[in-house]
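Okay, here's what each chain looks like letter by letter:
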Amino acid sequence: MRCSAARSLLALCAFTSAVIPCKAQVDEQTHQLSHDIFQQLIEINTTDSVGSVTAASEAMMQRFFDAGFSKEDIYLGGPNDRKKNLVVRIHGTGQNKPILFIGHLDVVEARREDWTTDPFKFVEKDGYYYGRGTQDMKESDAILVTTFIRLYKEGYKPDRDLILALTADEEGGKSNGVDWLLKNQRNLIDAEYVVNPDGGGIDLEHGKAIAMDVDATEKLYGDYQLTALNPGGHSSLPVPDNAIYHIADALQRLQNYTFPFELNAITRAYFEKMNTLESGQTAQDMKATLGATPDKAAIQRLSENPEYNSTMRTTCVATRLSGGHANNALPQTAQAIVNCRILPGHSLEEVRQDLIRIFNDPKITVRYENDAGGVFDTAPDRKALPPAALKPEVMQPLEALVSKMWPGAPVIPTMATGASDGVYTNAAGMPTYGISGIAIETNDVRAHGKDERLPVDSYYKGVDFYYQFVKALTVQ
Ligand SMILES: [Zn+2]
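As the structure is a computational prediction, the values presented were derived from the model and not from experiment. (Residues numbered from 1 in each chain as written. Predicted model: local features only at pLDDT ≥ 70, side-chain atom pairs only at ≥ 80, totals over all residues. Heavy atoms only, no water.)

## Some points on the confidence of the model for the protein chain
Selection criterion: Note on scores: pLDDT gives the predictor's confidence for each residue, bounded by 0 and 100. The contact definition used throughout considers only heavy atoms, calling two residues in contact when any of these lie within 4.5 Å.
Here the protein chain averages 92 in pLDDT, and 95% of its residues register 70 or above. Low pLDDT, under 50, characterises residues 1–24; the predicted model gives this stretch 31 contacts beyond four residues in sequence or across chains.

## Details of the environment of G177
Using the following cut-off: Secondary structure follows DSSP: runs of H or I at least 4 residues long count as helices, runs of E at least 2 residues long count as strands, and numbering of each begins at the N terminus. For every residue, the accessible area obtained with a 1.4 Å probe (protein chains only) is divided by the maximum for its type, and the residue is called buried under 20%, exposed over 50%, and partly exposed between those limits.
Its place among the elements puts G177 in helix α5 (residues 177–184). On the basis of relative accessible area, G177 is assigned to the buried category, the value being 0%. With 19 residues separating them in the primary sequence, G177 and N196 have C-alpha atoms 14 Å apart. Ignoring any residue separated from it by four or fewer positions in sequence, one finds G177 in contact with N85, T167 and A168.

## Side note on the packing of helix α3 (residues 53–67) against helix α4 (residues 138–154)
Heads up, the rule is: Axis definition: a line fitted to C-alpha atoms, limited for helices to the stretch in contact. Angles are taken between N-to-C directions and run from 0 to 180 degrees. Any angle that falls under 35 degrees is termed roughly parallel, while one over 145 is termed roughly antiparallel, one within 65 to 115 roughly perpendicular, and all others oblique. Handedness of a crossing is defined here by the sense of rotation of the near helix relative to the far one, left-handed for an anticlockwise turn of less than a right angle and right-handed for a clockwise turn. For this scheme, ten residues count as nonpolar: Ala, Val, Leu, Ile, Met, Phe, Trp, Tyr, Cys and Pro. Four count as charged, namely Asp, Glu, Lys and Arg, and the remainder, Gly too, count as polar.
Where α3 contacts α4, the two axes come as close as 10 Å, and the packing angle between them is 15°. Our classification of the angle between α3 and α4 gives roughly parallel. Seen along the crossing, α3 lies across α4 with a hand that is right-handed. The residues of α4 that touch α3, namely those facing M60, R63, F64 and A67, are V145, F148, I149, Y152 and K153. Here the residues of the contact of α3 with α4 sort into seven nonpolar, no polar and two charged.

## Thoughts on the state of the cysteines
Each disulfide consists of one covalent bond between the sulfur atoms belonging to two cysteines. What counts here: Put simply, a disulfide is two cysteine sulfurs that come within 2.5 Å.
If you walk through the whole model with that rule in mind, you get one disulfide. Residue C316 pairs covalently with C340 via a disulfide, S to S 2.1 Å. Given an S-S torsion of about 115°, the disulfide between C316 and C340 has right-handed geometry. Taken as a pair, C316 in strand β12 (residues 315–323) and C340 in strand β14 (residues 333–342) lie far apart in primary sequence, 24 residues in all. Judged by relative accessible area, C316 falls into the buried class, the value being 13%. Given the relative accessible area of 0%, C340 is considered buried.

## A look at the coordination of the zinc ion
What counts here: Water is not part of the atom set, so a site may look incomplete; the donors themselves are N, O and S atoms within 2.8 Å of the metal, or 3.2 Å for Na, K and Ca.
Those donors, H104 (NE2), D136 (OD), D198 (OD) and D198 (OD), are the protein atoms that reach the zinc ion, and they lie 1.9 to 2.7 Å from it. Here the donor residues of the zinc ion share one chain and are spaced in sequence as H-x31-D-x61-D. With D136 in the loop between β5 (128–130) and α4 and D198 in the loop between β7 (193–195) and β8 (201–205), this residue pair connects regions lying 62 residues apart in the sequence.

## Quick look at the sheet that holds β5
Convention followed: When DSSP finds at least two bridges between two strands, those strands are taken to pair.
Read across the sheet, three strands follow the order β4-β5-β20 without closing on themselves; strand pairing throughout is antiparallel. At either margin of the open sheet sits one strand with a lone partner, and together these are β4 (123–125) and β20 (453–455). Here the strands of the sheet are splayed against their neighbours by 25° on average, with no regard to which way each runs. Inspection of the sheet shows β4 paired to β5 by three bridges, in the antiparallel sense. The residue of β5 that forms the bridge with V123 is Y130. Set on the sheet, helix α15 (residues 456–474) makes contact with β4, β5 and β20; between it and β20 the angle comes to about 70°.

## Comments concerning the sheet that holds strand β2 (residues 85–90)
Reading across the sheet, the six strands line up as β1-β2-β6-β3-β7-β18 and stay open at both edges, with mixed pairing between neighbours. Edge positions in the sheet fall to β1 (74–77) and β18 (432–433), since each of these pairs with one other strand and no more. Where α4 meets the sheet, its contacts fall on β2, β3 (99–104) and β6 (162–167), and the angle it forms with β6 comes to roughly 150°.

## A look at unusual backbone geometry
A cis geometry characterises the amide bond from D136 onward to M137, with omega recorded as -15°. Not every positive phi belongs to a glycine, and D126 is a case in point at roughly 50°.

## Section: the pattern of salt bridges
The following threshold applies: The salt bridge definition used is simple: a Lys or Arg side-chain nitrogen within 4 Å of an Asp or Glu carboxyl oxygen.
Within this structure, the stated rule accounts for 23 salt bridges. A salt bridge links D354 to R357; its shortest N-O distance comes to 3.1 Å. A residue pair is termed a helical-turn pair when its members lie 3 or 4 positions apart in one helix, as D354 and R357 do in helix α12 (residues 348–359) at three residues. Between D377 and R367 there is a salt bridge; the shortest N-O distance is 3.8 Å. On the criterion of sequence distance, the pair formed by D377 in the loop between β16 (375–376) and α13 (392–405) and R367 in strand β15 (residues 364–369) is long-range, its members being ten residues apart. D377 gets classed as exposed once you look at its relative accessible area, which sits at 56%. According to the relative accessible area criterion, R367 is partly exposed, its value standing at 29%. It is possible to trace a salt-bridge network through shared partners that takes in D159, R160, E192, K391 and E393.

## Structural notes on the side chain of D159
Stated formally: Polar contact criterion, stated in full: a pair of N or O atoms within 3.5 Å, where within protein one must be able to donate a hydrogen and the other to accept it, and residues adjacent in sequence count only if both atoms are side-chain atoms.
Here D159 is to be found in the loop between α4 and β6. Here the side chain of D159 touches N96 through a polar contact of 2.9 Å, side chain to side chain. Contact partners of D159, with chain neighbours within four places excluded, come to T93, G94, Q95, N96, L473, T474, V475 and Q476.

## With respect to the pairing of strand β10 (residues 220–229)
The buried fraction of β10 is high, at eight of ten residues. Taken together, the ten bridges between β10 and β14 define a ladder with antiparallel strand orientation. Across the sheet, residue L220 finds its bridge partner in β14, namely I342.

Shown next as structure tokens:
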């Protein structure tokens, strides 16, 4: 019966056997609610340049009021008029410390002329929803809002408080909402752990779910600027001391250097899982890295795979180069940018010192460049905390639900190589898990790109997943 509620759900029903009617689905009312919230969020422009996160926060706040949430359980606030964050609470029995769910409302810039459709119109076409934020991450914001409204209206009493924070400036901008809330309203979002659907998710290949990734820790992003200065002179009278050569030598030393092998609780769990999925030499090599004395040859072979390499160590790579001012002059300046992805437990300044040691050249200064392009003589002491072991109270219900909804797809703990808002919550001592019920083809990841889109089926399955997941985490 419910299947007829939506065209998009018919396909799912077809796969469901007659004895278990349409279990991976949502009812008509939920379908409509989740559709409308998704549409509303996509059509509110929340870019840093001209958009307003506050407008999206206020629209969601109104929905919570309409659903009957009381004023005391809703907070709207931020550093300025365009960057207000929303925090909402559902009260539980208080048996356990709260769970915080976070979602960023801002989106990356999108230009109408680059896109086939208007990026700020919610367009359904050929089985997809198109619009900026359909993958990153208004689909998950809408799912979280829908889930909170459903649970509240049902009168569901979780074993602990559930907190939802919808926030500003994850993608850029100066007013990161998670950071701001931690500094200004910590008591409102204090939790035992954090779930962030901005990470993880189901990987599809030709429609088949091959794995669910759970981002359980992340690397820290850091840019470093190398500069060599020289008095210069006429190029007809060259001398050995040359700014460009200094930079070239330094980059060559970097090319030949590998940061030390190091596993943490999450990357260890990743290789433990991956070695059961890989085969042959690769599986053996993974096993050989897990012992008390990791095998050097095995590490070297695994390092040839960029993904495994970046899982086992900090990486730094040259990404930009400039120098000189005329074809016939000795260079007075040469510069390069080195981009690092730093393992949890190591600070930005520690890696700056590593680079100085690797270059081993007093003629080269190594300075830290922040996200806003500011350059500093030293780097902050900021680091991502080494991750704690995965919580069974999160992983067990998750694995049970995934095996029901995507049979055969393993749950794989991963370390994200980018940085999400989890950097702030992890640093604040709240372990953060990137868990998303959204399934995307591995070759159709369009976050930040043009014509961002999400399969309609993936959306409603994600709606169903989160509702069941939150309940599974908090049954009394
Ligand atoms: Zn995102």
